[in-house]
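Each chain, letter by letter, is given below.
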Amino acid sequence: MFEDEVLTDETDVEEDDSSTYLTFDLGGQTLGVDVRYVREIFDVKKITPLPNAPSEVLGVVDVRGQSVPIVDLCRHLGLVPGDWAEEARMVVLEFATPLGHRQMGIQADRVRNVDQIPPSGIEPIPRDGYGHWNADVLLGLSRRNEDLVVLIDLQNIFGDVGEELDLSAGAGFF
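None of these values were measured; they are calculated from a predicted model.

Asker: Give a detailed account of the pairing of strand S3 (residues 29-34), specifying residues and quantitative values.
Answerer: In terms of residue burial, S3 counts as a mostly covered element, since 5 of its 6 residues are buried. Here strand S2 (residues 19-26) runs beside S3; their pairing, made up of 6 bridges, is antiparallel. Looking at S3, one finds that Tyr21 is bridged to Asp34. Hairpin connection, S2 to S3: the antiparallel pair is bridged by 2 residues, and Gly27 has positive phi, about 60°.

Asker: Now, about the environment of Asp115: what can you tell me, with residues and values included?
Answerer: For Asp115, the location among the structural elements is in strand S9 (residues 110-117). Taking the C-alpha atoms as reference, Asp115 lies 8.2 Å from Ser19; in sequence the two are 96 residues apart. Residues in contact with Asp115, not counting those within four places in the same chain, are Ser19, Thr20, Tyr21, Thr23 and Arg144. Side-chain polar atoms of Asp115 contact the side chain of Arg144, separated by 2.6 Å.

Asker: Tell me about the side chain of Ser142, and please be specific about residues and values.
Answerer: Structurally, Ser142 is set in strand S11 (residues 138-144). Overall, Ser142 belongs to the buried group, its relative accessible area being 7%. Non-local contacts of Ser142, meaning those with residues more than four positions away in its chain, are made with Ile117, Gly121, Asp147, Leu148, Val149 and Leu151.

Asker: Can you break down the nonpolar core residue by residue, with the values?
Answerer: Within the largest apolar cluster, 30 residues are counted, with the highest numbers of intra-cluster contacts made by Leu22, Phe24, Leu73, Leu93 and Ile152. Residue contacts for Leu93: discarding those within four places in its chain leaves Tyr37, Val38, Arg39, Arg102, Gln103, Met104, Ile106 and Leu154.

Criteria and thresholds
Residues numbered from 1 in each chain as written. Predicted model: local features only at pLDDT ≥ 70, side-chain atom pairs only at ≥ 80, totals over all residues. Heavy atoms only, no water. Buried < 20%, exposed > 50% of the residue type's maximum accessible area, 1.4 Å probe, protein only. Helix = DSSP H or I, 4+ residues; strand = E, 2+ residues; numbered from the N terminus. Pairing = 2+ DSSP bridges. Contact = heavy atoms within 4.5 Å. Polar contact = N/O pair within 3.5 Å; in protein donor to acceptor, adjacent residues only side chain to side chain. Core = buried A, V, L, I, M, F, W, Y, C linked by side-chain atoms within 4.5 Å.

Shown next as structure tokens:
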């Protein structure tokens, strides 16, 4: 269904203050990420582990002749990984870093939708009374019927991805 689907910026959307989010399930949660970071979605492929790679790197997959590291997003968010079912997908993300543009992938239990969410549709994350809980990786909450979608800030999660996940020195793949 999503095999080699590429999301582009050329969608016909009325101009407003809404942001566009890719929503997906991961570890029992529905998450949303800004589509400007999403490059493509594809069926799950075999991940090739890399010796001595950082612990958050599950390995690499081949995407049209390019090796893309797959990062464990569950670990970054403190979620328990779900079961990889038939609906599981890989999502390739791209970030601008001091070292240039870097691609990385995450696994999703299920990709749901691409949704327009206006700023008025985003609730703040409750922070009071939780001690030293760091919610800086979260943008807010959005309601979809009776469900909550947790909007995550990929730049805060993987902001230094170019420096932290540069595997070129040891692995020779990038």
